[in-house]
Structure formats: C-alpha cells, structure tokens
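Residues per chain are reported as follows:
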Amino acid sequence: MDSSHTLYQKLADDLSLAIRRGTLPPGARLPSVRRTAQSRQISLNTVVSAYRVLEDRGLIEARPQSGYYVRARLPPPARPASTQSGPAKDTEHQVLDLIGVVLDAQQQPDFIDLALACPRGGDFYPGGKLTRLMGQILRRQPGMLNNYALPPGSERLRTQIARRGLDLGMTLQPDNIILTHGCMEALQLALRAVTQPGDTVGLESPTYFNLLPMMASLGLKTIEIPTDPQTGLSVDAVELLLGEKRIKALMAMPNVHNPLGCCMPLEAKKRLARLVNHYQVPLIEDALYAELQFSDTLSPAVKAFDSDGWVIVCASYTKTLAPDFRIGWMEGGRFEPALRKLKFASSVAEPAVLSETIGAFLESGGYDHHLRSLKRRYAAHVEKVRGLIARHFPPGTRATSPAGGFLIWVELPEEIDSVALFHAAIAEKISIIPGPLSSPSGRYRNALRLSCCYPLDERYLAALVRVGILAGQLAAHRP
Ligand SMILES: Cc1ncc(COP(=O)(O)O)c(C=O)c1O
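First, a word on what this report is: a plain description of the structure on this page. For clarity, every value in this text was computed on a predicted model and none was experimentally measured.

Omega for the peptide link from proline 151 to proline 152 comes to 5°, which places this bond in the cis form. Mapped onto the elements, proline 152 comes out in the loop between α5 (127-140) and α6 (155-165). The residue after serine 205, namely proline 206, is reached through a cis peptide bond having omega 5°. Counting through the fold element by element, proline 206 comes out in the loop between β5 (200-205) and α8 (211-217). The backbone of aspartate 110 shows a phi angle near 65°, a positive value even though the residue is not glycine. Note that aspartate 110 resides in the loop between α4 (89-105) and β3 (112-113). One non-glycine residue with positive phi stands out, namely tyrosine 444, at about 65°.

Structure follows, in structure tokens:
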C-alpha cells in the first residue's frame, strides 16, 4: 500500500466518522479541496480522491460551482405493495372521516401547517405583478365586471396554455382547451365524462388524498395500483388491469406525483399512452405539478404520446401563480364535446378578469423566470427539510427525494402509527398528513406527507423537529 493511498483513505475515514457522529451534519458544506489540502498538508489529488470515496459511499454530493455537501442520510421509501381492489365500505368511511379531521384541524388558530400543499406567502406568488395587470385590464375594459363570462373564455389565456404545453411535449390547440375552476373541477368533469356510478377507476397508491372524497361523491369504486416512490405508476400492473377489463378509467400523476414527487421514466410514459389507446380506456392525467420539475428541461406529459385522444390532461395555476383565482384547464381529447357540455352545466365559465390576468402574465414573458426561481426555492426547501428529517426523526426513517414540487413522503419505522402521530402533533398545534389518507384502503399507517411550501422560518423548523421527536417517543412507547 503506497503512502498516498493510505493518506486519502485516512482522510475519507476521518470525514466519514465526522459525518456519522453529526460533527458534519446533513447539508453541511465540506471545506474546499484547497483548504483541506492546506490544513492537512497533503496534495490536492489526495483530497479529491478522498472526496470521491465519500461520494461513492453515498455520504457527500458535489453541487456544481458550489462544493461538496453532506447528503441527507435518508434512504428512499420501500417499494410499493401489490394491486389492491376497492376497500370495504367501513374502511373507506374511516379514511374519509380522517380527512375531515385533518381538514378541521387546519381551522385552529395559530396552528403550524406542515400538511397542506397550499403555498403560503408573497414569496411564492407574483401577487404584485398580477394586481397591476388586473388593474390595467379593468381600466381598459371597465365593463368587464358587468358582463357574464361565457365559454370558451379568454382566448389570450388558452393561446398561452397551448404554447406552454409545448414545453411538456404536447401540441394543444387553443380552441380545444376548456378553462375550469381549478384542477379539481377539471378532474371531476373528466371522471363524470368517462364513468358511471358503480364503475371502477384505477388510482395510484399512494395518491392525492382529495381524490378519495371525489371518487366517493361520484359513486365510483377504486383499485389501488402499485406506485414506486422513484419511478411512479407500475405500467405492468396497469397492463394487467386493462387486459382483464377491470377499470373504466385510470387517473395518474406521471410528472411530480403527489405525494411521492416522482416522475415516470420516459419509456414508461410512452408505454402507458400506447396501452390506454390500445385498450381504449381513458387516462385522466393530472399535470398540476408538471411545470415544477426541478430539471431545466421538463420531462414530457403522457398526453404528448396520445395517438387517438384517450388522454385527458388537467392542470391549473393554483400552485404557480394565483391560488385564489382558481384558474385551471383541461384538454379532453376525444371526450371534448361531452366535457364542454358538462362544464357549462357545472359552472358555466371562468371569470374573464381572472383568466385575462393570467393570460396577460403568461404573455408578458415573466413566467419562465418566476418558475425558475420558484423551483430553486422549493429544491432548497426540500433539501433542508430532508436534512432535518435525517437528523431528528427516529432511526430507520425513509423519505422521498422528489423530482419537483414541495412534498416529501416520509416512511417511519413500521411500529410508528402516523395517525397517533397526527393526534399528538395536533395537540401541539402542528398539522401533518398521516399516510392512510393517501389510500382508499387506509394503507401507509407508518407514513406521512410533509409539505415545504411555506417560509422555513424558526417556527416551521421547530415544528418539524418536534414532529420527529414525537415520532421517536411513539416508537419508544411501543412494546
Ligand atoms: C395532485 C393534485 N391535483 C389537483 C389538485 C387541486 O388543484 P386546484 O387547487 O387547482 O383545484 C391538487 C391540490 O393540491 C393536487 O395536489
């Protein structure tokens, strides 16, 4: 063994120990290569080799033009369970009741929200610019507020939506776009257009919790499809279900899944599009978070590969521009005529002043810049929160490393009940989403969803640490 080999190994071992003992905590920046070389009186090459060893051990990561950082020690959550047919009615009711309890808890004054996916604060939305644009629009068209908005609604906005669709690989026509009251209405109209009460819909598992009351209100049954925390919906499982004609429709979030934050690989998306077109079963694609992918180049929507109009794509501007405007949209493929009728019967049209304001913002060219800074901010929030989870949650905790957005799915050691954790946290005015909310059959008892779309001030960070401590206490009290 030559001396340089020993030197770099010794340095790697020293630093590994410092990381394991927490002297260098997750997220900490390592001294630069030059500084370490000077302080240890060794060559630059020796330090670089040691840092490579640490990278190989998964302990640190290089960030372009910034240096080396200690990685959060959080393995990804376990792989998904098998396909699960609709739950028993009482399980479904328990899950729905629990959703009610979680939402009620949000009403408490002074609670700290680690739960909902509702970005809060002027930092996340271009409120000032939207206010100015709305003022200009109303000054130019003072009669706007006195007129009923009628379909199809703002052409300006529909044109911009079609243009932005290109970034996700979709070629949409402004005339085919239906404006909706948030993404929620788009999803609901899509379900109503393609199903009847009593039908079964395939859902990712885990899924966005608000889809469960929606399914229940439409009298739909669900089937949970395994969804990998890193690669998303299992297309193999979908193929099986389609082949056996077990689902009337499929609902999925192929890009930046809620709650897992993952994007499906490109080939899986293409295969999914081929399958739904082949079996002629509609796919309702929830693309709400698709533009919040952290990568500069966005991975395309499944809609981009839709050959015969079996994909209905739904999205909104509630996470990126203005939550209170509730402006969403959908492109319904072969179901467009039915969707137009349903939209008119449901809520007629979207307010012109709001649609025009979003259209004007998108036209002004500021959206790309806004999205870039939003994504940078969320990526930093996610990293910081993952670091805190690694440090303060019980050993054995796992968590997703999302490809975009601001949600983290945390898997606690098996003995910890996230519903008990939710109640313990609520008693201290901290709100989280317990895992069973994300599954019609109440799975994921030891998981929870955390949201980092709030300013990470001391209150927020202290609440997060507190949840970790409470989880540890619950683990300790188990026999
Ligand atoms: C995956 C997903 N789809 C749809 C919605 C609803 O979106 P909107 O607020 O635009 O109705 C949400 C809201 O959190 C969501 O997370």
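Now that the structure is up, let's keep going.
Let us look at the site of the ligand. Neighbouring the ligand are 14 residues, the closest being Asp286, Ser316, Thr318, Lys319 and Arg326. Methionine 184 places a polar main-chain atom, nitrogen or oxygen, 2.9 Å from an oxygen atom of the ligand. Separating a nitrogen atom of the ligand from a side-chain N or O atom of aspartate 286 is a distance of 2.6 Å. For the ligand, the protein covers 93% of the area, taking 400 Å² as the surface of the free molecule. Mapping the ligand onto the cavity grids shows that it belongs to the largest pocket. Here the shell around the ligand takes four residues from helix α7 (residues 182-194), the largest share from any one element. Its residues placed into classes, the shell around the ligand shows seven nonpolar, four polar and three charged.

If you look at the biggest cluster of nonpolar residues, it comprises 140 residues, and the most contacted ones within it are Leu114, Tyr317 and Trp329. In this view, tyrosine 317 contacts Leu157, Ile161, Ala322, Ile327, Trp329, Ile358, Leu362 and Tyr367; residues no more than four positions away in its chain are not counted. With 19 residues, the next largest nonpolar core counts Leu30, Ala37, Ile42 and Ile60 among its residues.

Its location among the elements puts glycine 202 in strand β5. Owing to a relative accessible area of 0%, glycine 202 belongs among the buried residues under this scheme. Separated by 39 residues in sequence, glycine 202 and leucine 241 have C-alpha atoms that sit 8.4 Å apart. Leave out the neighbours within four places in its chain, and glycine 202 touches Ile223, Ile225, Ile247, Ala249, Leu250 and Met251.

With twelve residues, helix α12 (residues 352-363) should cover 16 Å at 1.5 Å per step; its first-to-last C-alpha distance of 16 Å lies within 8% of that length. Taken across its twelve residues, α12 has ten buried, putting it largely inside the fold. Among the residues of α12, Val353, Leu354, Ser355, Glu356, Thr357, Ile358, Gly359, Ala360, Phe361 and Leu362 are the ones counted as buried. Where the residues of α12 are buried, they touch α5, α6, β4 (177-181), β11 (327-331) and α13 (367-392). Of the residues flanking the end of α12, it is glycine 365, one or two places downstream, whose phi is positive at about 90°.

A word on the pattern of salt bridges. For the coordinates displayed, the defined rule picks out 23 salt bridges. In this structure, the salt-bridge partner of arginine 377 is aspartate 123, at a minimum N-O distance of 3.0 Å. With arginine 377 in helix α13 and aspartate 123 in the loop between β3 and α5, this pair connects stretches of sequence that are 254 residues apart. Salt-bridge contacts for arginine 386 lead to glutamate 383; the nearest nitrogen and oxygen are separated by 3.8 Å. Placement of both arginine 386 and glutamate 383 in helix α13 is noted, with a separation of three residues, approximately one turn of the helix. Looking at arginine 386, the relative accessible area reads 6%, which means it is buried. A cluster of three or more residues bridged by salt bridges with shared partners is formed by Arg164, Asp167, Glu291 and Asp368.

Procedures and definitions
- Residues numbered from 1 in each chain as written.
- Predicted model: local features only at pLDDT ≥ 70, side-chain atom pairs only at ≥ 80, totals over all residues.
- Heavy atoms only, no water.
- Helix = DSSP H or I, 4+ residues; strand = E, 2+ residues; numbered from the N terminus.
- Near = heavy atom within 4 Å.
- Polar contact = N/O pair within 3.5 Å; in protein donor to acceptor, adjacent residues only side chain to side chain.
- Areas by Shrake-Rupley, 256 points an atom, 1.4 Å probe, with all protein chains shown as cover.
- 1 Å grid on protein atoms, 1.4 Å probe; cavity = no way out; pocket = protein on both sides within 12 Å on 5 of 7 lines; lining within 4 Å.
- Sits in = over half its atoms within 2 Å of the grid points.
- Nonpolar A, V, L, I, M, F, W, Y, C, P; charged D, E, K, R; others polar.
- Core = buried A, V, L, I, M, F, W, Y, C linked by side-chain atoms within 4.5 Å.
- Buried < 20%, exposed > 50% of the residue type's maximum accessible area, 1.4 Å probe, protein only.
- Contact = heavy atoms within 4.5 Å.
- Expected span 1.5 Å × (residues − 1).
- Salt bridge = Lys/Arg side-chain N within 4 Å of Asp/Glu carboxyl O.

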